[in-house]
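# Descriptive analysis of the structure
Listed below are the residues making up each chain.
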Amino acid sequence: MIAISKDFGLMMKNRVIGKQMRDIIEYRTMEYYRRRYQNKRLEFVYGNKVSL
């Protein structure tokens, strides 16, 4: 396992914290793709780059 610090590596051995971290990363990933899809859809509709 790669960790930012030694303490963080030890903390990640806790299953509950590991699950919470996985949930956070999963949520951020879904949010990224949702925004990306929304921007692509707006570009298709309006024909120019849109930044939200």
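Right above here is the structure, for reference.
All chains use their own residue numbering, which begins from 1 and follows the written sequence. Per-residue local features are limited, in this predicted model, to residues with pLDDT of at least 70; the limit for side-chain atom pairs, both in listing and counting, is 80 or more; totals at the level of whole chains, interfaces and linings are taken over all residues. Only hydrogens and water are removed before side-chain values are computed, so all heavy atoms of the structure are retained for them.

Paired rings are identified among Phe, Tyr and Trp, the last through its six-membered ring, by centres lying within 6.5 Å, and are further divided according to the angle between planes into stacked (under 30 degrees), edge-to-face (over 60) and tilted (the rest). Considering all chains together, one arrives at one aromatic pair under this definition. Taking 4.9 Å as the distance between ring centres and 80° as the angle between the ring planes, the aromatic pair formed by Tyr-32 and Tyr-33 counts as edge-to-face. A relative accessible area of 48% places Tyr-32 in the partly exposed class. Under the scheme applied here, a residue whose accessible area is under 20% of the maximum for its type counts as buried, over 50% as exposed, and between as partly exposed, the area being computed with a 1.4 Å probe on protein chains only. Under the relative-accessibility criterion, Tyr-33 is labelled partly exposed at 46%.

Any two side chains of opposite charge can pair if their charged atoms end up close together. Throughout this description, the term salt bridge denotes a Lys or Arg side-chain nitrogen within 4 Å of a carboxyl oxygen of Asp or Glu. The tally for this structure, following the rule as stated, stands at three salt bridges. As a salt-bridge pair, Glu-31 and Arg-34 come within 2.7 Å of each other at their nearest N and O atoms. Of this pair, Glu-31 and Arg-34 both sit in helix H2 (residues 15-46), three residues apart, which is roughly one turn of the helix. Judged by its relative accessible area of 18%, Glu-31 is buried. On the basis of relative accessible area, Arg-34 is assigned to the partly exposed category, the value being 43%. The closest approach of N and O atoms between Arg-35 and Glu-31, which form a salt bridge, is 3.5 Å. Of this pair, Arg-35 and Glu-31 both sit in helix H2, four residues apart, which is roughly one turn of the helix. Classification of Arg-35 by relative accessible area gives partly exposed; the value is 47%. Ionic contacts of the salt-bridge type, sharing partners, join the residues Glu-31, Arg-34 and Arg-35 into one network. A run of DSSP states H or I qualifies as a helix once it reaches four residues; a run of E qualifies as a strand once it reaches two. Both are numbered from the N-terminal end.

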